[in-house]
Amino acid sequence: MTEERSESAAGLSFKMGEALLRNGAEIFRVQETMERVARAYDIEEYDVYVLSNAIFANAVENGEKIDTKLKFVPGSTVHFGRIVGINQLSREIVAGKVSVEEAYARLHEIVSIPYTHPIRLDLACAVGSACFSYLFGGTVFDAAAAFICGFVLQVFLNAIDSRTASKFIINLASSAVVAVCAVLLFTVGLGDSLDKIIIGSIIRLVPGVALTTSIRDFLNGDYLSGTIRIIDAFLVGGCIAIGVGAVVMTYISLTGGAPLL
Amino acid sequence: MTPEVVFDWAIQTAVAFVATIAFAIIFHTPREQYVCAGLVGAFSWLIYIIYVYFTGDVVFASFFAALGLTYLARVFSFARKAPLPVFLIAGIFPVVPGAGIYYTGYHIFMNNNVEAMSKGVETIKIAIAIALGIGIVVSLPRFFFTLRRKGSTT
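Report on the accompanying structure. (Residues numbered from 1 in each chain as written. Chains lettered and ligands numbered in written order. Predicted model: local features only at pLDDT ≥ 70, side-chain atom pairs only at ≥ 80, totals over all residues. Heavy atoms only, no water.)

**Remarks on the overall build of chain B**
Piece 1. What chain B contains, in helices and strands, is 6 helices and 0 strands.
Piece 2. From first element to last, N terminus to C terminus, chain B shows the α and β order α-α-α-α-α-α.
Piece 3. For chain B, the spread of C-alpha atoms along the principal axes amounts to about 60 × 35 × 30 Å.
Piece 4. Within chain B, the proportion of its 154 residues that are buried is 55%.
Piece 5. Within chain B, contacts between residues at least 6 apart in sequence are counted, and of these 67% link residues at least 24 apart.
Piece 6. Entry remark: accessible area of chain B is about 6,900 Å², with carbon and sulfur atoms responsible for 68%. (Helix = DSSP H or I, 4+ residues; strand = E, 2+ residues; numbered from the N terminus. Buried < 20%, exposed > 50% of the residue type's maximum accessible area, 1.4 Å probe, protein only. Contact = heavy atoms within 4.5 Å. Areas by Shrake-Rupley, 256 points an atom, 1.4 Å probe, with all protein chains shown as cover.)

Shown next, in the form of structure tokens:
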């Protein structure tokens, strides 16, 4: 059984941890799930160290030492459907209901749960942008403009390939797209405050949850993960500000209007 | 507290409900959890605006909103047997200081250093307040959340 490494229980636990981290689970959940699965299959020595962008783990299974290091891109897409699936699977493994082979098959199924259809994402982003524009004190017209900007933003995000373009370029470009769209709508006459339109539509990109998660990591004692996340949040936030700022600055100098904030 | 204010609260809560569901869809949440995630988001926003209305302090408003929303998220998490972040991350979206980060960067870029500083400090304070609020509720023992479901196992 040990010669087939991909069928080993330790390999299963690594794969589950990797899938969790890739789809945006918290650090301690990844660690806990991996350890729980390893314990359920009686792996003798199991040590794992999880960072927000990497897993280091090694195990001794049937007298053979297995070393694994996995690396990831930080800030990958959050997919709660997959996290729920893996969570359910790990519960059943702990209850002793699933064999290793079955678990591999189940995991494969879970990891291939598709992403939501792009059109639904577009609409969700549009509705979310409109709602936040209203919550931040915008009028109904601002919300209508933010609806269109949010739709354009998600269409743009779907169109670019996140594996080839750098994350910072993506944030810079997409926030500029939002700002251009908002400025155009504002010039045409839709919306009362350019600021409220932009803040509503930009909320999809802004790393508010990442900043909060980073502070939570600090409180949990995961200083390294917290640092990685907080630097990430500030860089992304800066990119968005520059993307929007450049467009708004150009707009102001072209029209000679007063600053908007 | 006039009827108009209460009416405004109701509307804002409804909008926050819809907004949270929209972001739950973007995070690929399973469909059967949409309503619960939305309720968590609406609840957090309601606490936030009521606290801001009476005291005007956004940092403590965020702290109490985080306490309330994490409590509700944990109740849902046990009741619906789904991991906590499904409800927590979507529900936290309305109060999280995303706008603060953006305004800080924007003011730095536009050379308004004083405003950039005050926005930046406020953003960090809100993030710490929310993280503390979540941390407190997450570390409570589980019987606080499963009182009416005695004997049920998760």
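**Observations regarding the environment of Ala 173 of chain A**
Piece 1. In this structure, Ala 173 of chain A sits in helix α7 (residues 167–188).
Piece 2. The class of Ala 173 of chain A is partly exposed, set by a relative accessible area of 27%.

**So, the interface of chain B and chain A**
Piece 1. Contact with chain B, which involves 50 residues of that partner, is made by 51 residues of chain A.
Piece 2. Carbon and sulfur atoms supply 79% of the area that chain B and chain A bury against each other, a total of about 4,600 Å² over both sides.
Piece 3. In terms of surface lost to chain A, no three residues of chain B exceed His 28, Ile 101 and Tyr 102 of chain B, which account for 17% of the buried area on that side.
Piece 4. One can count 0 salt bridges joining chain B with chain A.
Piece 5. Our enumeration of links across chain B and chain A arrives at 4 residue pairs in polar contact (both at pLDDT 80 or more).
Piece 6. If you tally residues by element for the side of chain B that touches chain A, the top one is helix α1 (residues 3–26) of chain B, at 11 residues.
Piece 7. By residue class, the composition of the side of chain B that touches chain A is 39 nonpolar, 8 polar and 3 charged. (Buried area = accessible area lost by both parts, 1.4 Å probe. Salt bridge = Lys/Arg side-chain N within 4 Å of Asp/Glu carboxyl O. Polar contact = N/O pair within 3.5 Å; in protein donor to acceptor, adjacent residues only side chain to side chain. Nonpolar A, V, L, I, M, F, W, Y, C, P; charged D, E, K, R; others polar.)

**Remarks on the state of the cysteines**
Working definition of a disulfide: a covalent bond connecting the sulfur atoms of two cysteines.
Piece 1. The full count for this structure, using the stated rule, is 0 disulfides over all chains.
Piece 2. The structure places no disulfide on Cys 125 of chain A, whose sulfur is separated from the nearest cysteine sulfur, that of Cys 149 of chain A, by 10 Å.
Piece 3. Free cysteine Cys 36 of chain B: the closest other cysteine sulfur is in Cys 131 of chain A, separated by 19 Å.
Piece 4. Residue Cys 36 of chain B is classed as buried on the basis of its relative accessible area, which comes to 7%. (Disulfide = S-S within 2.5 Å.)

**Things to note about the packing of α7 of chain A against helix α10 (residues 223–255) of chain A**
Residues and elements named next belong to chain A.
Piece 1. Packing of α7 against α10 leaves a shortest axis separation of 8 Å and a crossing angle of 35 degrees. By crossing handedness, the relation of α7 to α10 is classed as right-handed. For the pair α7 and α10, the contacting residues are Lys 167, Phe 168, Asn 171, Leu 172, Ser 175, Ala 176, Ala 179, Val 180, Val 183, Phe 186 and Thr 187 in the first and Asp 232, Leu 235, Val 236, Cys 239, Ile 240, Ile 242, Gly 243, Val 244, Val 247 and Tyr 251 in the second.
Piece 2. For the contact of α7 with α10, a count of residues per class yields 15 nonpolar, 4 polar and 2 charged. (Axes fitted to C-alpha atoms, helices over the stretch in contact; angles between N-to-C directions. Left-handed = near helix turned anticlockwise from the far one by under 90°.)

**Things to note about helix α4 (residues 84–92) of chain B**
It helps to recall that an α-helix has 3.6 residues per turn; residues three or four apart then point in one direction.
Piece 1. Within α4 of chain B, 9 of the 9 residues are buried, which leaves the element mostly enclosed by the surrounding structure.
Piece 2. Looking at α4 of chain B, one finds that the buried residues are Leu 84, Pro 85, Val 86, Phe 87, Leu 88, Ile 89, Ala 90, Gly 91 and Ile 92 of chain B.

**Quick word on the packing of aromatic side chains**
Piece 1. Taken as a whole and judged by the stated rule, the model has 18 aromatic pairs over all chains.
Piece 2. For the ring pair Tyr 53 of chain B and Phe 54 of chain B, a centre distance of 5.1 Å and an interplane angle of 85 degrees mean the geometry is edge-to-face.
Piece 3. A ring pair is formed by Tyr 102 of chain B and Tyr 103 of chain B, whose centres lie 5.3 Å apart and whose planes are at 45 degrees; its orientation type is tilted. With respect to burial, Tyr 102 of chain B and Tyr 103 of chain B carry one shared label: buried.
Piece 4. Following the ring pairs from residue to residue traces out a cluster consisting of Phe 80, Phe 132 and Phe 136 of chain A together with Phe 23, Phe 27 and Phe 93 of chain B.
Piece 5. Positioned above the aromatic ring of Tyr 115 of chain A, the side-chain terminus of Arg 82 of chain A is 4.7 Å from the ring centre. (Phe/Tyr/Trp six-rings, centres within 6.5 Å; stacked < 30°, edge-to-face > 60°. Lys NZ or Arg CZ within 6 Å of the ring centre and 35° of its normal.)

**Some points on a nonpolar patch on the surface**
Residue and element names in this part refer to chain A.
Piece 1. Residues Ile 119, Leu 123, Phe 147, Ile 148 and Val 152 make up a contiguous nonpolar surface patch of about 370 Å² in total accessible area.
Piece 2. Listed by contribution, the elements that provide at least two residues to the nonpolar patch are α5 (118–135) and α6 (140–159).
Piece 3. Ranked by the residues each element gives to the nonpolar patch, the list is headed by α6, at 3 residues.
Piece 4. With respect to the element layout, Phe 147 can be found in helix α6.
Piece 5. For Phe 147, a relative accessible area of 32% puts it in the partly exposed group. (Patch = residues over 30% accessible without salt bridge, like charges linked within 9 Å, V, L, I, M, F, W, Y side chains within 5 Å.)

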